[in-house]
Each structure stands twice: as C-alpha cells, then as structure tokens.
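If you want the building blocks of each chain, they are given just below.
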Amino acid sequence: MSKMPNMTQAGIYSATTHYLKAVEASGTDATAAVLEKMRSAPINDFFAKNGKIREDGRMVHEMYLYEVKKPAESKGVWDYYKPVATIPADQAFQPLSESKCPLVKKMQ
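If you're wondering where the values come from, they're calculated on a predicted model, not measured in any experiment. (Residues numbered from 1 in each chain as written. Predicted model: local features only at pLDDT ≥ 70, side-chain atom pairs only at ≥ 80, totals over all residues. Heavy atoms only, no water.)

Caption draft 1: Local environment of the overall build of the protein chain. Counting secondary structure elements, the protein chain contains 4 helices and 4 strands. Secondary structure of the protein chain in N-to-C order comes out as α-α-β-β-β-β-α-α. For the protein chain, whose C-alpha radius of gyration is 17 Å, the value lies well above the compact-globule estimate of 13 Å for 108 residues. Taken across its 108 residues, the protein chain has 22% of its residues classed as buried. Looking at the protein chain alone, contacts between residues at least 24 apart form 35% of all its contacts between residues at least 6 apart. Here the protein chain has roughly 8,300 Å² of accessible surface; of this, 58% comes from carbon and sulfur atoms. (Helix = DSSP H or I, 4+ residues; strand = E, 2+ residues; numbered from the N terminus. Rg over C-alpha atoms; globule rule 2.2 N^0.38 Å. Buried < 20%, exposed > 50% of the residue type's maximum accessible area, 1.4 Å probe, protein only. Contact = heavy atoms within 4.5 Å. Areas by Shrake-Rupley, 256 points an atom, 1.4 Å probe, with all protein chains shown as cover.)

Caption draft 2: Just the layout of surface pockets, in detail. Empty space within the largest pocket amounts to approximately 680 Å³. If you trace the largest pocket, you find 13 residues lining it, with Met7, Ala10, Phe46, Phe47 and Tyr66 closest to the centre. Contributions of two or more residues to the lining of the largest pocket are made by α1 (7–26) and β3 (63–68). Here the element with the most residues in the lining of the largest pocket is β3; it accounts for 3 residues. Class assignment for the residues of the lining of the largest pocket results in 10 nonpolar, 2 polar and 1 charged. A volume near 180 Å³ is recorded for the second largest pocket. As for the second largest pocket, its lining consists of 15 residues, of which Thr17, His18, Lys21, Pro42 and Ile43 are closest to the centre. When residues of the lining of the second largest pocket are traced back to their parent elements, those giving at least two are α1 and α2 (31–40). When residues of the lining of the second largest pocket are assigned to their parent elements, the largest contribution, 7 residues, is made by α1. Looking at side-chain class alone, the lining of the second largest pocket contains 8 nonpolar, 4 polar and 3 charged residues. (1 Å grid on protein atoms, 1.4 Å probe; cavity = no way out; pocket = protein on both sides within 12 Å on 5 of 7 lines; lining within 4 Å. Points joined across faces, edges and corners; volume = space filled by probe spheres on them. Nonpolar A, V, L, I, M, F, W, Y, C, P; charged D, E, K, R; others polar.)

Caption draft 3: Seen up close, unusual backbone geometry. Although it is not a glycine, Asn50 sits at a positive phi angle of roughly 55°. Looking at where Asn50 falls in the secondary structure, it is placed in the loop between α2 and β1 (52–53). You will see that Trp78, though not glycine, has its phi angle at about 70°, which is positive.

Caption draft 4: Spatial organisation of the packing of aromatic side chains. Considering all chains together, one arrives at 4 aromatic pairs under this definition. Ring geometry for Tyr13 against Phe46: centres 5.8 Å apart, planes inclined by 50°, an arrangement best described as tilted. In this pair, Tyr13 sits in helix α1 while Phe46 sits in the loop between α2 and β1, placing the two residues 33 residues apart along the sequence. (Phe/Tyr/Trp six-rings, centres within 6.5 Å; stacked < 30°, edge-to-face > 60°.)

Caption draft 5: A look at the nonpolar core. Of all hydrophobic cores here, the largest spans 7 residues; its members are Ala22, Val23, Val34, Met38, Ile43, Ala48 and Ile53. Sorting the residues of this core by element identifies α1 and α2 as the ones contributing at least two each. (Core = buried A, V, L, I, M, F, W, Y, C linked by side-chain atoms within 4.5 Å.)

Caption draft 6: View of α1. The end-to-end C-alpha distance of α1, which contains 20 residues, comes to 28 Å, matching closely the 28 Å that a straight helix rising 1.5 Å per residue would cover. Among all positions in α1, only Ala10, Gly11, Ser14, His18, Ala22 and Val23 are buried. Residues of α1 that are buried make contact with α2 and β1. Among the residues of α1, the N-terminal cap falls to Asn6, whose side-chain oxygen and the backbone nitrogen of Thr8 are separated by 3.0 Å. (Expected span 1.5 Å × (residues − 1). Polar contact = N/O pair within 3.5 Å; in protein donor to acceptor, adjacent residues only side chain to side chain.)

Below you can see the structure in the form of structure tokens.
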C-alpha cells in the first residue's frame, strides 16, 4: 500500500501472531490450552519488547517516548521520530494489585 502501518495495525498483527503461535504450540484451538500458552510465552516482536499477558488479560510491555525529528534530521521516508526514553512495563501500566478486573478477584 506504500503506507507505513499505524500503531493499531501493528498491535493487531502482533496479537494475532502471538495467538497463532500459541495455537500451534498447544496443538489445539481450545481456549484454555491456547490461553495458557499465550500467558506463558513472552512477547518479543517489532511491536512489543518483554511483553507478557497478566492474569487480568492485559498485555504489558515496555513503552517508548519519541520526539518528532526536525526535517534536517530525517534521513528518508518514514524517518520521522527519534527515541527519547524507554518506560519499563511496571511503570507504564497500572499495577495488577490495583486492578478492578473481576478476573483478578476470582483468582485471589
């Protein structure tokens, strides 16, 4: 399409790939078996580094802060951003202990 994928498209691709790998690893598409594989496997792809699926179903991973480059800093097409900081997953997402998700309450 000659267009850069956006964050939503990249996230959906990452999630779908993680799901399909879990189906393959578990040898079934049964929910419980696939979910167990998805929760036990780390997520390390172009979208998420050091990602994991918590008990409440939230996928937590490092987040990044970027700055838009000045036109003179850009070296070509799609070269618009420069990384400024990496935020660890435990700082980027609400702690599991503060979750109000009913799935967590059932497991405690």
